[in-house]
Structure formats: C-alpha cells, structure tokens
Amino acid sequence: MTITERSFARRIDLTSLQLFVAVCEAGSIGKAAEREFIAASAVSKRLADLEGALGTALLYRHARGVDLTPAGQALLHHARSVLFGLEKMQSELSEYADGVRGHVRVHASISAVVQFLPEDLGGFIHQHPEVKIDLEEHLSADVIRAVQEGAADLGVCNAGALGPSGALLQRQPYRTDRLALVVPQAHVLAAFQTIDFADTLDHDHVGLDANSSIALAMHQAAARAGRAIRLRIRVSGLDAMCRMIANGLGVGVMPMRAFELMQSGSSALRAVPLTDGWATRAIELIARDFGTLPVTARALVAHLTAEASAERLGA
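Nothing here was measured: the structure is a model prediction, and the numbers come from that model.

Draft legend 1. Focus on the overall build of the chain. Along its length, the chain carries 12 helices and 11 strands. By the burial criterion, 42% of the 315 residues in the chain qualify as buried. Residue pairs in contact within the chain that sit at least 24 positions apart in sequence constitute 73% of those at least 6 positions apart. Surface summary for the chain: the accessible area is close to 16,500 Å², and the carbon and sulfur share equals 54%.

Draft legend 2. Fine view of the packing of helix α2 (residues 14-26) against helix α3 (residues 29-36). Relative to each other, α2 and α3 sit at 120°, their axes nearing to 8 Å. In terms of axis orientation, α2 runs oblique to α3. The handedness of the crossing between α2 and α3 comes out as right-handed. Across from Q18, L19, A22, V23, E25 and A26 in α2, the residues of α3 making contact are I29, K31, A32, R35 and E36. Each residue belonging to the contact of α2 with α3 can be placed in one class, and the counts come to six nonpolar, one polar and four charged.

Draft legend 3. View of α3. All of the buried residues in α3 are I29, A32 and A33. Burial along α3 is one-sided: seen end-on, the buried residues are contained in an arc of 100°. In α3, those exposed residues whose orientation departs by more than 90 degrees from the buried face are K31 and E34. In this structure, the buried residues of α3 make contact with α2, α4 (40-54), β1 (59-62) and β2 (65-68). By the N-cap criterion, in which a side-chain oxygen at the helix start approaches the backbone nitrogen of a residue two or three places on, α3 is capped by S28, the distance to K31 being 3.1 Å. Residue F37 follows α3 closely and has a positive phi angle near 55°.

Draft legend 4. How the structure looks around the side chain of E284. Here E284 lies in strand β11 (residues 280-287). A distance of 2.7 Å separates polar atoms of two side chains, one belonging to E284 and the other to R171.

Draft legend 5. Structural view of a nonpolar patch on the surface. Residues L14, V82, L86 and M89 make up a contiguous nonpolar surface patch of roughly 310 Å² in combined accessible area. Top element by residues in the nonpolar patch is helix α5 (residues 70-97). It accounts for three residues. With respect to the secondary-structure elements, L86 resides in helix α5.

Draft legend 6. Structural context of the pairing of β11. The element β11 is largely enclosed, with a buried count of six among its eight residues. Both strand β5 (residues 154-158) and β11 contribute to a ladder of four bridges, which runs antiparallel. Considered in β11, the bridge of G155 is made with I286. Summarising the sheet, strand β6 (residues 170-184) and β11 pair through eight bridges and their orientation is antiparallel. Note on β11: the bridge partner recorded for Q172 is L285.

Draft legend 7. Expanded view of the pairing of β1. As judged from the four bridges shared by β1 and β2, these two strands associate in the antiparallel manner. Opposite H62, over in β2, you have G65 as the bridge partner. Between β1 and the antiparallel strand that follows it, β2, lie two residues.

Draft legend 8. Inspection of the pattern of salt bridges at higher detail. The tally for this structure, following the rule as stated, stands at 15 salt bridges. Ionic pairing is found between R61 and E51, a salt bridge with its closest N-O pair at 3.3 Å. Here E51 lies in helix α4 and R61 lies in strand β1, a separation of 10 residues in the sequence. With its nearest N and O atoms 2.7 Å apart, the salt bridge here joins R175 to D120. Of this pair, R175 sits in strand β6 while D120 sits in helix α7 (residues 117-127), placing them 55 residues apart in sequence. Across the pair, D120 and R175 agree in class, each one buried. Shared partners join several salt bridges into a network, and the residues in it are E25, R35, E36 and R80.

Conventions adopted
- Residues numbered from 1 in each chain as written.
- Predicted model: local features only at pLDDT ≥ 70, side-chain atom pairs only at ≥ 80, totals over all residues.
- Heavy atoms only, no water.
- Helix = DSSP H or I, 4+ residues; strand = E, 2+ residues; numbered from the N terminus.
- Buried < 20%, exposed > 50% of the residue type's maximum accessible area, 1.4 Å probe, protein only.
- Contact = heavy atoms within 4.5 Å.
- Areas by Shrake-Rupley, 256 points an atom, 1.4 Å probe, with all protein chains shown as cover.
- Axes fitted to C-alpha atoms, helices over the stretch in contact; angles between N-to-C directions.
- Parallel < 35°, antiparallel > 145°, perpendicular 65-115°, else oblique.
- Left-handed = near helix turned anticlockwise from the far one by under 90°.
- Nonpolar A, V, L, I, M, F, W, Y, C, P; charged D, E, K, R; others polar.
- Arc of directions from axis to C-beta.
- Polar contact = N/O pair within 3.5 Å; in protein donor to acceptor, adjacent residues only side chain to side chain.
- Patch = residues over 30% accessible without salt bridge, like charges linked within 9 Å, V, L, I, M, F, W, Y side chains within 5 Å.
- Salt bridge = Lys/Arg side-chain N within 4 Å of Asp/Glu carboxyl O.
- Pairing = 2+ DSSP bridges.

Laid out in structure tokens, this is it:
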C-alpha cells in the first residue's frame, strides 16, 4: 500500500460509510437517522465530512430527500462490498470464539461428493468437532480453478481433468472409481456383463453437464470411434440421471459406486461396467502447496489419505 493509499484509508470512517448506505437505502437523511437511532444533524455532519474527505459531492439534496451523484453511485457499490466483507469477517471470527477453531474450504466434484466424502468428512468431524468444513460441489474444471485462485484450500476431483491447467498444482492420491453404463432392466444392453462405450452409441443417452469430466471423456471416446453421441437430455445430477433412465429417456454413464449407493433396494435399473481404459478414474486431492496449508487443512488431508489407504488395504 502506498503512502497515498494509506492516507486515503485513514480518511474513510466505517461508521460514515454505514450511514451513507443507510441514507441511500432510505432515500432521505431523516429516515436514515430514524432507522439508525441517531440525530439527523449528526448524519448530515458525517456525510459532509465524508464528502470533504473524498473531495467530491456524493448526494443531491432536495426537499423530498436525496439522490446519488455519479460519485455517490460508485461509492455505494464499494461501501456495500466493504460492509459485507466486515460482516463476513465478524461471522467467521465469532466461530472461533464459539469454539470453532479451524475452517477448511473444500471444493469437490459430484463423483467425490456422492461416493466418498460424506463418510470420510463425517469421520473427520467426529474426531475434530471444533473444525468447520465448507464443502461446495463443482465441476472438476471449476474445482481446479478454485484451488488455483485461492477460493478453496483443497480440491477433490478426477485427476484426468487436470490437464495443462493443473500443472502448477500439487496432487495426492485419494480414491479410484469405475464408470458404468446405467440402463433399465428391460433394455437390450442390460444382458451384457461388461460393455465397451462404442457399443452404446446406437442408443439415446442421458448426459451430465457438457463440461463435466464424464461428459468430456464420453465425447472424446465417441470421436475416437468416429461416431456422435445421441444425446436426448442433459441433467445436473446423478439422481436426476437415474430417474430419466428409469423412465425410458435413454442410457447414461455414471460411477458404479454412486449408482450402488443411490439404487440400494431398487431393481428398476442395472449398471453394466465399461471396459474402456478411461472408465477407471483416479480421484485425487489437489492443493497449491500441501506443505503451506493451514494446520486444520493438513489434518483433513491426512485423514482423507488415511481413509483411502485403509479402504485399499481392506479391498
């Protein structure tokens, strides 16, 4: 921060910013003063001081109230952002006072969220009840971007989706999943024990988001076969895909474990494992630098890798 920037920051009073926003929202100094339980003259003085500090008029004052000048409109946008940031900071810091002594931001693909993370994160929280985990579900490409930009401490996604964009990220093994073709029990392809993806291309498909790692892999496989996918509909989740398939809209590709978890006790659908090499996928943990993660995030990484290792040994 330059000397000029520091001087500007010192001239801006947060209370004055809050009152300025209140006046803008109320439309008059008097109404804002009533809302904030402060004298109208004090509000007016604060606004005058704020205009003096900024060196420009912020409000057009008239008998009915106030209107924003162009400078006032710009300040309103920034003032709301500053105040929102302060509220968020207060909320997060209050969690530490209430006993939440750690905070880990995790972004994960739908495959990881459905198949592995509920049990693994549940076990971690049971051992570390003082830690708060913010989990967001995103496409693998968006998980990678969030980790790169610092919006997430830790990412969990299909390693095959990293590509050149993930070259600077560190990776650790987590789980492996296998893709399968989901079909109605009465479908002609339900008789297969395993199937090559190319053999499904004569049938309508229910697909996921075009930018999902599964959809991208499917289209690459179809292109290698010199074919196109007969896409009937796209859905945003695996449960919606199963419902569409069960109602005859086509067949679909999803992780086998996810299918088994969602279809427990149901006999309407069948999953046929794909034989393609790309159908076996590595789900990995990604971070900008595992060594510099906060202590709580490093503890979570250690827990997730230990759970994955235990499952592999038990398999």
